[in-house]
Amino acid sequence: MKDLGFCAPVPVLAAERKLHGSVIDSFVIYRYLEGRPASANDGGAVLSQLLALHEKGYLRNDPQLANFLISEGRVHFIDFRLKKPFLFGTLARYRELIRFLTSAGLPDAQLPASVRRSAWFLLARWLEQGSVRFRQWKKSRRRRKSPRQ
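Everything numeric in this text was worked out from a predicted model, so none of it was measured.

> Could you clarify how one ought to interpret the overall build of the protein in this entry?
Regarding its fold elements, the protein presents four helices and five strands. Listed by position from the N terminus, the elements making up the protein come as β-β-β-α-β-β-α-α-α. In terms of its C-alpha atoms, the protein occupies a principal-axis envelope of roughly 45 × 45 × 35 Å. Across the 149 residues in the protein, those meeting the buried criterion constitute 29%. Across the protein, the fraction of contacts at a sequence separation of at least 24, relative to all contacts at a separation of at least 6, is 58%. Accessible surface for the protein amounts to roughly 10,400 Å². Of this, 53% is attributable to carbon and sulfur atoms.

> What am I meant to see in the nonpolar core here?
Across soluble globular proteins, nonpolar side chains have a tendency to be buried as a group. Val46, Phe68, Leu97, Phe100 and Leu111 are the most contacted members of the largest nonpolar core, which totals 24 residues. Among the elements of the structure, α1 (43-55), β4 (68-71), β5 (74-77), α2 (89-104) and α4 (119-145) are those that each provide at least two residues to this core. Looking at this core element by element, the count peaks at seven residues for α2. Not counting residues up to four positions away in its chain, the partners in contact with Phe68 are Pro37, Ala38, Val46, Leu50, Arg60, Val75, His76, Phe77, Ile78 and Phe100.

Reading guide: rules and limits
Residues numbered from 1 in each chain as written. Predicted model: local features only at pLDDT ≥ 70, side-chain atom pairs only at ≥ 80, totals over all residues. Heavy atoms only, no water. Helix = DSSP H or I, 4+ residues; strand = E, 2+ residues; numbered from the N terminus. Buried < 20%, exposed > 50% of the residue type's maximum accessible area, 1.4 Å probe, protein only. Contact = heavy atoms within 4.5 Å. Areas by Shrake-Rupley, 256 points an atom, 1.4 Å probe, with all protein chains shown as cover. Core = buried A, V, L, I, M, F, W, Y, C linked by side-chain atoms within 4.5 Å.

Treat this as a map of the structure, not an account of what it does.
See the structure below:
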């Protein structure tokens, strides 16, 4: 992250557990970073950093305020896994932005107008809404199938 120009805790130790050459478990331990969790008031600053990360071609995965820390007035990425999308990168970035705005309770108006008017953004919004409806449908099906107690 530092090489990309972003703030994040300094990693101290990383380990992986493999089975037949595939990673089945992993962890990273970071140096302690003094700060406070990001709040809705920090949403604009966090969004700015997320947009800057996207400009470099990366996704952070799990974009929610709880995964950002404010320290010395700067936004620090925590609990992240960087990913560089292979296909449909623009669509993936816009879906991540929508997930962040939704989880932070921020309006789309926080995004640049060029993003909001993009066909990719409109498609991402439609896909996210469909995904939410599908998860709700699955949940209701599970509730109907579970035995009454």
